[in-house]
Amino acid sequence: ALYLTVDGNGVLSSATVFVLSSKGVGGSIVSVPVNADVGFADDARQSLQQVYAAGGVDAMTFAVESLLLLTINDTTVVDAAQLTAFLAPFEPFTITLTSDVVTETDEGDDPDVLRTGTVVLPAKDAAKVLISGAGLGAESSRKGNHEALWAGFVSAVGGGRGTTLPTAVPPANIEEFT
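Figured I'd write up the structure that's included with this text. Keep in mind that what you see is a predicted model, and the values were worked out from it rather than measured.

**A look at the packing of aromatic side chains**
Next, step 1: Applying the stated criterion across every chain, the model contains eight aromatic pairs.
Next, step 2: Between tyrosine 3 and phenylalanine 86, the ring centres sit 4.8 Å apart and the planes meet at 35 degrees, which makes this aromatic pair tilted. In this pair, tyrosine 3 sits in strand β1 (residues 2-6) while phenylalanine 86 sits in helix α2 (residues 80-87), placing the two residues 83 residues apart along the sequence. As far as burial versus exposure is concerned, tyrosine 3 and phenylalanine 86 are alike and both buried.
Next, step 3: Relative to phenylalanine 153, the ring of tryptophan 150 lies with its centre 5.2 Å away and its plane at 85 degrees, an arrangement referred to as edge-to-face. Placement of the pair is tryptophan 150 and phenylalanine 153 together in helix α4 (residues 140-157), with a separation of three residues, close to one helical turn.
Next, step 4: For tryptophan 150, a relative accessible area of 3% translates into the label buried.
Next, step 5: Ring pairs connect the aromatic residues Tyr3, Phe18, Phe86, Phe90, Phe93, Trp150 and Phe153, which therefore count as one cluster.

Listed below in structure tokens is the structure:
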């Protein structure tokens, strides 16, 4: 499953691939930098953010499939509120931020900052880790924070919800994945 987040302006802020284990429980979570360079020719190269902006979900799914050489069965796009709702059943999240996260605020307000180091975050603040900062600097500074968030998510989920899916039937949506 491909899980995409967008900021308040509809700009792609994170791309995450959930890979289900062949046993139907567990698997891997892979953060894909949104500035990853894709294209089939030197003169056609563009970032995943550009692919999403120009072609939407279908183009983005194809680009990630091509980049990672895998097939994606489900793509979900969420904003901050939807991401918060997705994370809420598993809060709080203990994560170690590798860099500061400067969050969006109402116009005229000073930005809030989640500081580098180990923090315990409710779902609303955890969502800011994925939503904030895309396109505002080196994506490499965000990568460690994304990985830390998903590691905290895995820790919070623990053994999962206790249901398994037959391995021949892929999850139909992101909720079945978790």
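And the narrative resumes.
**Things to note about the pattern of salt bridges**
Next, step 1: Scanning all chains against the criterion turns up four salt bridges.
Next, step 2: Its salt-bridge partner being lysine 128, residue aspartate 125 comes within 3.2 Å of it at the nearest N-O pair. Of the two residues, aspartate 125 and lysine 128 are both situated in helix α3 (residues 123-131); the distance of three residues between them amounts to about one turn of the helix.

**Details of helix α1 (residues 48-68)**
Next, step 1: Relative to the 30 Å expected for 21 residues at 1.5 Å per residue, α1 spans just 12 Å between its end C-alpha atoms, considerably shorter than the ideal helical length.
Next, step 2: The principal kink in α1, of about 135 degrees, is found at glycine 56.
Next, step 3: Considered for burial, the residues of α1 that qualify are Leu48, Gln49, Val51, Tyr52, Met60, Thr61, Ala63 and Val64.
Next, step 4: Summarising the contacts, the buried residues of α1 are in contact with β1, β2 (12-20), β3 (27-32), β4 (37-38), β5 (46-47) and β6 (75-78).
Next, step 5: The first or second residue beyond α1 is leucine 69, which carries a positive phi of 55 degrees.

**Quick notes on the nonpolar core**
Nonpolar side chains tend to gather and get buried jointly when the protein is soluble and globular.
Next, step 1: In this structure, Leu83, Leu87, Phe93, Ile95, Val129, Trp150 and Phe153 are the most contacted members of the largest nonpolar core, which totals 26 residues.
Next, step 2: Where this core is concerned, the elements lending two or more residues are α2, β7 (93-97), β10 (117-121), α3 and α4.
Next, step 3: The leading source of residues in this core is α3, at six residues.
Next, step 4: Contact partners of leucine 87, with chain neighbours within four places excluded, come to Phe93, Ala123, Ala126, Ala127, Trp150 and Phe153.
Next, step 5: Of all hydrophobic cores here, the second largest spans 18 residues; its members include Leu4, Tyr52, Val64 and Ile72.

Rules used throughout
Residues numbered from 1 in each chain as written. Predicted model: local features only at pLDDT ≥ 70, side-chain atom pairs only at ≥ 80, totals over all residues. Heavy atoms only, no water. Phe/Tyr/Trp six-rings, centres within 6.5 Å; stacked < 30°, edge-to-face > 60°. Helix = DSSP H or I, 4+ residues; strand = E, 2+ residues; numbered from the N terminus. Buried < 20%, exposed > 50% of the residue type's maximum accessible area, 1.4 Å probe, protein only. Salt bridge = Lys/Arg side-chain N within 4 Å of Asp/Glu carboxyl O. Expected span 1.5 Å × (residues − 1). Bend = angle between axes of the 7 residues up to and from the residue. Contact = heavy atoms within 4.5 Å. Core = buried A, V, L, I, M, F, W, Y, C linked by side-chain atoms within 4.5 Å.

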